[in-house]
Structures are given as structure tokens and as C-alpha cells.
Amino acid sequence: MSIRYVRSMRRTGAAALLIGTLTLSVAACGGDDKDNAGNKAPSSSSAASKAGDKTATGEGESGPDSSKILATVKGGMGIDMVIHTAGRDKGGFLTLTGELKNTSGSRVVTPVEWSGKEEAVVGTGPSLAAMTLVDSQAKKRYYVLRDTDNRPLTTTNYDSGIDAGASLPFFAQFPAPAPTTTEVSVQFPGFSSATIEISG
């Protein structure tokens, strides 16, 4: 299993490079929570893509900090979504980390709906690009950020299934809501909405 896991963007100069991304990508759609399709997700700048690549890691990462649990949501097929952290980065991003746990007694094939409906994103392989955040206070929806090649800044290219009792650690990066926003709702196909508290 190959997982791209983004750490903190606090390297020298990263904040300056990434601040431009927020300007280009914070176009979250307003309106009600039912608008899950039909709007393109924002794209990040090439500078942010390069900075993200530098802080992306492959094998050997410890994964999300499982000592904290912000929410646990039971989904279909015996998969639980456990959200561990939702932290703001200095570059104007919000990074979500967690695990998708198979609590059933058999291997579960990951649904294609998790990758979203955008053809360009689907072409990059399995991902969690369908995950969104909803700021009900500001009436805005935030999509997983993309780089200039339409690769979503979330866990990608994972195995097509999760074995019984196993977990798929994940991260997903979004434009950060306004500083006055302290809570957002996480929405993901096959799971109920979960309200979580933002840190940072």
C-alpha cells in the first residue's frame, strides 16, 4: 500500500509559497449541504504542489496521531471512519488525518465513490477526493485541494481493499475556513456527517 501523507508545511519559505494557493483555491461553493456534485474542486498553485511534494512521504511514516479522536462515524460495509486531527497550517490550509477501519469479519473492497466524480481526478487512481468539509456558519463547502496536475492532496493509490481488522490511515488537505470558524462537518460517501473541532 502506497500512501502520500502530508506533514506540517512549516519549512522555511513554505508559508510564502503556499499562501498563493489559498487565493486560487478557496473558492468553496456556498449553499446547502446537498451540493456534492457539479462544482469543480479548487486547484492549488504549482508552488504549493512543489512544496507539498517536498513534505509528502511514502512508506515508513507513522501515520496519523491516533492518541486523539475527534469523531468516529460508522459507515456501510463495516467500515468506521475515525478522525484524529483537524489542524490549521500556516500556509492557509486545514489538514485532516484519520483512519478507515474495517470492523467487519471479511475483506472490504473500497468503493469507487471515495475518489469522487471528476474525470481528471479519477484518472490519478484511488483517492479520498470525494471528502468535503462544510462550514455551516459561513455556508461554504470546501473540497480537497488539487495540484496543477489534478492530483488530489489526500491519500491516494491505496490498495483496492481493506482486510478484516485492518485500517487505512488517511490525510486530506483543504483550504482553511475563516479564523472565526471553530467547527466544520466532514462529509464522505457512505458515512454520516461528523462535526469536528478545528485546532490551530
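The numbers attached to residues start from 1 for each chain and follow its sequence in the written order. Where local features are concerned, this predicted model is filtered to residues with pLDDT of at least 70; where side-chain atom pairs are given and counted, the filter is 80 or more; whole-chain, interface and lining totals use all residues. By convention in this description, side-chain values take in all heavy atoms of the structure and omit both hydrogens and water.

Novice: Now, about the pairing of strand β12 (residues 194-197): what can you tell me, with residues and values included?
Specialist: For the exposure calls, accessible area comes from a 1.4 Å probe over protein chains only, and a residue counts as buried if that area is under 20% of its type's maximum, exposed if over 50%, partly exposed in between. Labels follow the DSSP assignment, with helices taken as runs of H or I lasting at least four residues and strands as runs of E lasting at least two, numbered in each case from the N terminus. Only one face of β12 is buried: it carries A194 and I196, and the other face, with T195 and E197, is open. By this definition, two strands are paired if DSSP reports at least two bridges between them. The sheet contact formed by strand β11 (residues 183-187) and β12 spans 4 bridges and is antiparallel. Paired with E183 across the two strands is E197, which belongs to β12.

Novice: Which residues make up the sheet that holds β11, and what are the values?
Specialist: The antiparallel open sheet is built from 4 strands, whose spatial order is β8-β7-β11-β12. With one partner strand each, in any of the chains shown, β8 (140-143) and β12 form the two edges of the open sheet. Averaged over all pairs of adjacent strands, the angle between strand axes in this sheet comes to 30 degrees, irrespective of strand direction. Of the pairings in the sheet, the one linking strand β7 (residues 132-135) to β8 comprises 4 bridges and is antiparallel in character. Note on method: axes are straight lines fitted to C-alpha atoms, helices fitted across the in-contact stretch only, with angles between N-to-C directions ranging 0 to 180 degrees.

Novice: Can you tell me about the side chain of R146, naming the residues and giving the values?
Specialist: Relative to the assigned elements, R146 resides in the loop between β8 and β9 (161-162). Side-chain atoms alone can form a polar contact between residues adjacent in sequence; in general such a contact is a pair of N or O atoms within 3.5 Å, and within protein one must be able to donate a hydrogen while the other accepts it. Of the polar contacts made by the side chain of R146, one reaches the side chain of E118; its length is 2.7 Å. A polar contact of 2.4 Å, which involves the side chain of R146, links it to the backbone oxygen of V144.

Novice: Tell me what's going on with unusual backbone geometry, and back it up with residues and numbers.
Specialist: Located in the positive-phi region is N150, a residue other than glycine, with phi close to 65 degrees. Tracing the backbone through its elements, the reader meets N150 in the loop between β8 and β9. Residue classification places N150 among the partly exposed positions, given a relative accessible area of 27%. If you check the backbone angles, N157 has positive phi at about 50 degrees while not being a glycine. With respect to the helices and strands, N157 occurs in the loop between β8 and β9. Look at N157 and you get partly exposed, because its relative accessible area is 42%.

Novice: Break down the packing of aromatic side chains for me, citing the residues and quoting the values.
Specialist: One pair of aromatic rings is described through two measures. These are the centre distance and the angle between the planes. Ring geometry is summarised as follows: Phe, Tyr and Trp rings, the Trp one being its six-membered ring, pair when their centres sit within 6.5 Å, and such pairs are stacked at plane angles under 30 degrees, edge-to-face over 60 and tilted between the two. For the coordinates displayed, the defined rule picks out 3 aromatic pairs. Considering the side-chain rings of W114 and F188, the 5.4 Å spacing of their centres and the 40 degrees angle between planes classify their relative orientation as tilted. Of the two residues, W114 sits in the loop between β6 (108-109) and α3 (119-122) while F188 sits in the loop between β11 and β12, which places them 74 residues apart along the sequence. Judged by its relative accessible area of 2%, W114 falls in the buried class. Between F188 and F191, the ring centres sit 5.8 Å apart and the planes meet at 20 degrees, which makes this aromatic pair stacked.

Novice: Lay out the confidence of the model for the protein in plain terms, naming residues and giving numbers.
Specialist: Where the model shows low pLDDT, its predicted coordinates should not be examined in detail. pLDDT runs from 0 to 100 and stands for how confident the predictor is about each residue. Mean pLDDT over the protein works out to 76, with 68% of the residues at or above the 70 mark. Here a residue-residue contact requires only that any non-hydrogen atoms of the pair lie within 4.5 Å. Confidence over residues 1-61 falls short of pLDDT 50; this stretch has 124 contacts with residues more than four positions distant or in other chains.

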